[in-house]
Amino acid sequence: TLNSTRGNILDRNGEVLAYNELAYSITIEDNGSYDSNSERHKLLNEEIADIITALEKNGDAIINNFKIAISDSGKYEFNVSGTSLKRFLADVYGEVSYSDLKYDKKLGYNQAQATAEQVMDYLKNSRFYVSEDYPEEMAYKITVVRYAMSENSYQKYIATTIASDVSEESVAYVSENTSKLQGVEVIDDTIRKYNDAEYFASIIGYTGKISTEEYESLSADNDNYTLNDVVGKAGIEQVMDASLQGTKGYEKLYVDYLGKAVEVLEREEPSAGNDVYLSIDKNLQIAAYDLLEQEIAGIVYSKIENIKEYHSTGSASDIKIPIDDVYFAFINNGMIDTSHFTEDDASDTERTVYSAYTSKESSVLSRMDSLLSGSANTPFGELGEEDQDYITELIKRLKSNGVLDNSAIDTSDGTYVNWKEGKISLNEYLNYAISKSWIDISKFTVEEKYSDSEEIFQSLAAYILDDLKEDYNFSKIVYKYMIRQNMISGTQLCLILYDQGVLEKDEAQIAALSNGSASAYNFVREKIKSLEITPAQLALDPCSGSCVVTNVKTGELLALVSYPGYDNNRLANSVDSEYYSSLSNNLSLPLYNHATQQKT
C-alpha cells in the first residue's frame, strides 16, 4: 500500500492551521525465515530490543499506543476504561467481543476481569515469549512493539510503523545494519503539525493510529481504511477524515525469500486528500482566546484573599478564594510534581517539604490503622473533616480497585443506610461488607483458602494501608492538610515553582521570597495578574470559559473559543502518553470543548 498525503486545514483567509511535514519513520515486517516458532520469538524480540536501544540512544522513542502503561515504580496500569478497555481485553485474548471472554483454567482467572499485571504476564509469557533476562522496562517495550505487529496479524509485507519522526542518527543506524535487522526499513513519511495549537486544538482535534473500534466503524462504509492508518481522533480531523485522507495507491512486487523487492510489476500513485477551509478567522480566534484568559485571570485575582478557609453562603457575589486554596492548587492540579521531591536532583526546598510529608503521612496511616482496627471506633459522622476526607478517599479507592463491589451492595440494607448517614464506624462497615460478600477477597491476599472473617479483615486492612501509600489522590489530601496546618508554607511552594521550571528563573525574586522581603501572598497575586500563572494551571473556580462569535447575517462561526486549550502537536502522530495523562487529569478539563460541550 502507498499512503496518500493528508489534506491541510486552513482558516477562512487561507491561513494554514494544520499541515504535513516530511519526516522519516521506521517500520518492521515479520518476514523472516526461522527453523522453529521458538527461534522466531527469540530472534524477533532480540531485534526489537536492538532497535529500541538504538532509538533511545539517539533521543528517539517507539510509538506507544498500548492500553497499558508502566509507572515509575514498575507497576502496570490500564490507561483506558469502559468500552476501550473491553475491546482491548477481547483483542488480547483473541475473542470477537468482550462478552465472549471467559474463565480460563490454565490462566486461573476470568479474562473479562483480568488486571493489567495479568494481561502483561499473559502477553509476555504466553504470546510473545519475552525472555525474563530482559529488564522489566525493556520487556514492556518489546511487548508494546510485538502487540502493534500482532494487530496486523503478522501479515507478510504489511509493515508496522514502530517509530516516527526519527533523527538522522536513527536513520543511519538502520541503513548501516540492514543485514541484521530483518524486515526493518526507513520510509519517507509525513507527520501532522498544527500552528497556534493552543488556540485551535478544541476545533481541529488531532490525528493518531487507528484503533480496532475505529477501523470496524470506518471500514464498514469505506474499504480504503487499513489497521495501519492514521486517522482523525477528534474535531475537524475526525469529522472530515474521509475528505482529508485522500486515496491510497499500491505497488505489486516480486520479492525474494527474505521479502526483499526484486521487481515492480505494477504501481498506482496515491492521490492527496482535500484541503478543508474553515469559516473561522484565525486572528479573531486568537484575540478572543487571549481576552477570555485575561478576563478569567482578573476574576481569580480579585477574589483571592489572605485567609485560610472560606465556606460559601451560596451567593455568587460573595465568593472568596483563600490563599491556602491557591497554594494547594499548585499540587492538586499537578503544577508541582511531588514525585520529583525524591529524585537525586531535588532541591533543598523539595527535600524539606518531602521530609515533612513523610512524617505527616506516617501519622495519618497510623490514625487510619486505628480506625480500621476499631481501636478508635468512632462513627463516621462524628469524625473531624480531615479523617472523613481520608476515609472517603479510602472507600473510593476500594471501589475503583474492584475490592468493594458496588454492584453487590444492597443500598436498602439497614447497616449500609447507617453508614451513608454516618452513624457507624469504618471498622463496623467493612466487617459487615465482608459478611455480606460485598468485598471481593480475590483482589487482595488471603493466605488460607477458607479464612475466617477476622483473617479476611486483617488482610483487607493491610491491603488498604499499603494501597493508600500508592494512591496519588490520598497524598494530595495529606498535602492539603499540611498547608492548612502550616506544616508547609506558601513561600516553600512558590520557590518550588522556580526549582521545577514552572516559572522562569528570577534570582532577585527568589532571593526576596527566601529572605522574607516578599510575601508569598503578594507574589502569587502578581503572577496571576501577569498571567505567568494562568487560571488553567490553578483550576480554581473559575478556570474555564468559552466565546462564540458569529456572522449574524449568515450564521457562520468566525470564532469558537474554548479555554483552556492544549497542544495537539503532542497528541498527533504518536501520543505523548505522559502529556495526555496530564490533560486527562487536569481539573480545568482542557480536552473538553467548553464552547460546545459545557452545560451553562
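Structure: see above.
All values reported here derive from a predicted model rather than from experimental measurement.

Novice: Sorry if this is basic, but what is going on with the overall build of the protein chain here?
Specialist: Regarding its fold elements, the protein chain presents 23 helices and 17 strands. Taken against the 2.2 N^0.38 rule, which gives 25 Å for 600 residues, the C-alpha radius of gyration of the protein chain at 28 Å falls within 12% of a compact globule. Its C-alpha atoms put the protein chain at 80 × 70 × 50 Å along the principal axes. Residue pairs at least 24 apart in sequence account for 66% of intrachain contacts in the protein chain once pairs closer than 6 positions are excluded. Put simply, the protein chain shows about 30,300 Å² of open surface, and 46% of that area lies on carbon and sulfur atoms.

Novice: Teacher, can you tell me more about the nonpolar core here?
Specialist: Soluble globular proteins tend to bury their nonpolar side chains together. Counting residues in each nonpolar core, the largest one holds 75 residues, and the members touching the most others are Phe 330, Ile 395, Tyr 429, Leu 430 and Leu 538. Those residues in contact with Leu 430, other than ones at most four positions away along the chain, are Leu 372, Ile 395, Leu 398, Phe 457, Leu 460 and Ile 464. The next biggest cluster of nonpolar side chains, apart from the first, holds 45 residues, and it includes Ile 62, Val 92, Tyr 93 and Val 174.

Novice: Looking at this structure, how should I read the packing of aromatic side chains?
Specialist: The geometry of an aromatic ring pair is captured by two quantities: the separation of the ring centres and the angle between the planes. Under the definition given, this model contains 22 aromatic pairs. Each ring, one from Tyr 416 and one from Trp 438, has its centre 6.2 Å from the other, and the planes form 85 degrees; the classification is edge-to-face. Of this pair, Tyr 416 sits in helix α14 (residues 414–420) while Trp 438 is found in the loop between α15 (426–435) and α16 (453–470), placing the two residues 22 residues apart along the sequence. Ring pairs connect the aromatic residues Phe 66, Tyr 76, Phe 78, Phe 88, Tyr 140 and Tyr 147, which therefore count as one cluster. We note Arg 525 situated over the ring of Tyr 301; from NZ or CZ to the ring centre the distance is 4.1 Å. The positively charged end of Arg 570 is found above the aromatic ring belonging to Tyr 579, 4.0 Å away from the centroid.

Novice: Hey, could you run me through unusual backbone geometry in this one?
Specialist: Peptide bonds are mostly trans, and most non-glycine residues show a negative phi. A cis amide bond links Asp 541 with the next residue in sequence, Pro 542, at an omega value of 5 degrees. Residue Pro 564 is bonded to the preceding Tyr 563 through a cis peptide linkage, with omega at 5 degrees. Inspection of the secondary structure puts Pro 564 in the loop between β17 (557–563) and α22 (577–585). Of note, Asp 196 is a non-glycine position whose phi angle comes to about 45 degrees, a positive value. Along the chain, Asp 196 falls in the loop between β8 (184–194) and α6 (197–204). Taking the relative accessible area as the measure of exposure, Asp 196 reaches 29% and is therefore partly exposed.

Novice: Can you help me understand α15 in this one?
Specialist: Residue pairs three or four apart in sequence face the same way in an α-helix, which turns once every 3.6 residues. The complete set of buried residues in α15 reads Leu 426, Asn 427, Tyr 429, Leu 430, Ala 433 and Ile 434. For α15, the buried positions fall inside an angular range of 165 degrees around the axis, keeping them on one side. Phi turns positive, to about 60 degrees, at Ser 437, one or two residues after α15.

Novice: Help me understand the pattern of salt bridges in this model?
Specialist: As a working rule, side chains carrying opposite charge can pair if their charged atoms are close by. Enumeration according to the criterion identifies 29 salt bridges in this entry. Notably, a salt bridge pairs Lys 423 with Glu 421, separated by 2.8 Å at the nearest N-O pair. Overall, Lys 423 belongs to the exposed group, its relative accessible area being 52%. Look at Glu 421 and you get partly exposed, because its relative accessible area is 48%. Connected through shared salt-bridge partners, Arg 6, Arg 192, Glu 237 and Asp 241 make up one network.

Novice: Whenever I open this one, the pairing of β17 confuses me. Can you help?
Specialist: A regular strand places its side chains on the two faces of the sheet in alternate fashion. Within β17, six of the seven residues are buried, which leaves the element mostly enclosed by the surrounding structure. Pairing geometry for strand β16 (residues 545–550) and β17, over six bridges, is antiparallel. Paired with Gly 545 across the strands is Tyr 563, a residue of β17. Two successive antiparallel strands, β16 and β17, enclose a turn made up of six residues, where Gly 555 displays a positive phi of approximately 85 degrees.

Novice: Looking at this structure, I do not really get the packing of helix α1 (residues 37–57) against helix α4 (residues 136–150). What am I missing?
Specialist: If you want to describe how two helices pack, look at the angle between their axes and the distance between the axes. Relative orientation of the contacting elements α1 and α4 amounts to 110 degrees, with a least axis distance of 10 Å. Between α1 and α4, the crossing angle belongs to the class labelled roughly perpendicular. By crossing handedness, the relation of α1 to α4 is classed as right-handed. Listed contacts from α4 to Arg 40, His 41, Leu 44, Asn 45, Ile 48, Ala 49, Ile 52, Thr 53 and Glu 56 of α1 are Met 138, Lys 141, Ile 142, Val 145, Arg 146 and Met 149. Here the contact of α1 with α4 is built from residues that sort into eight nonpolar, three polar and four charged.

Novice: I would appreciate a short explanation of the packing of helix α12 (residues 348–373) against helix α13 (residues 385–400) in the present structure.
Specialist: Where α12 meets α13, the axes come as close as 11 Å, and the angle between the chain directions of the two elements is 75 degrees. In terms of orientation, α12 lies roughly perpendicular with respect to α13. Judged by residue contacts, Lys 360, Val 364, Arg 367, Met 368 and Leu 371 of α12 engage Glu 386, Asp 387, Tyr 390, Ile 391 and Leu 394 from α13.

Novice: Sorry if this is basic, but what is going on with a negative patch on the surface here?
Specialist: A cluster of like negative charges, contributed by Glu 77, Glu 117, Asp 121, Glu 132, Asp 133, Asp 466 and Glu 470, occupies part of the molecular surface. Relative to the helices and strands, Glu 117 resides in helix α3 (residues 116–127).

Novice: So what exactly am I meant to see when it comes to the side chain of Thr 143 here?
Specialist: Mapping Thr 143 onto the fold places it in helix α4. A distance of 2.7 Å separates the side chain of Thr 143 from the backbone oxygen of Ala 139, its partner in a polar contact. With residues up to four places along the chain from it excluded, the contact list for Thr 143 reads Phe 66, Met 120, Leu 123, Lys 124, Phe 128 and Val 130.

Novice: When you look at the state of the cysteines in this model, what are you seeing that I'm missing?
Specialist: Covalent bonding between the sulfur atoms of two cysteines defines a disulfide. Tallied over the full model, the rule gives zero disulfides. Free of any disulfide, Cys 494 has its nearest cysteine sulfur in Cys 543, 20 Å distant. Judged by relative accessible area, Cys 494 falls into the buried class, the value being 0%.

How each quantity is defined
- Residues numbered from 1 in each chain as written.
- Predicted model: local features only at pLDDT ≥ 70, side-chain atom pairs only at ≥ 80, totals over all residues.
- Heavy atoms only, no water.
- Helix = DSSP H or I, 4+ residues; strand = E, 2+ residues; numbered from the N terminus.
- Rg over C-alpha atoms; globule rule 2.2 N^0.38 Å.
- Contact = heavy atoms within 4.5 Å.
- Areas by Shrake-Rupley, 256 points an atom, 1.4 Å probe, with all protein chains shown as cover.
- Core = buried A, V, L, I, M, F, W, Y, C linked by side-chain atoms within 4.5 Å.
- Buried < 20%, exposed > 50% of the residue type's maximum accessible area, 1.4 Å probe, protein only.
- Phe/Tyr/Trp six-rings, centres within 6.5 Å; stacked < 30°, edge-to-face > 60°.
- Lys NZ or Arg CZ within 6 Å of the ring centre and 35° of its normal.
- Arc of directions from axis to C-beta.
- Salt bridge = Lys/Arg side-chain N within 4 Å of Asp/Glu carboxyl O.
- Pairing = 2+ DSSP bridges.
- Axes fitted to C-alpha atoms, helices over the stretch in contact; angles between N-to-C directions.
- Parallel < 35°, antiparallel > 145°, perpendicular 65-115°, else oblique.
- Left-handed = near helix turned anticlockwise from the far one by under 90°.
- Nonpolar A, V, L, I, M, F, W, Y, C, P; charged D, E, K, R; others polar.
- Patch = residues over 30% accessible without salt bridge, like charges linked within 9 Å, V, L, I, M, F, W, Y side chains within 5 Å.
- Lys, Arg positive; Asp, Glu negative; His and termini not counted.
- Charge placed at Lys NZ, Arg CZ, Asp CG, Glu CD.
- Polar contact = N/O pair within 3.5 Å; in protein donor to acceptor, adjacent residues only side chain to side chain.
- Disulfide = S-S within 2.5 Å.

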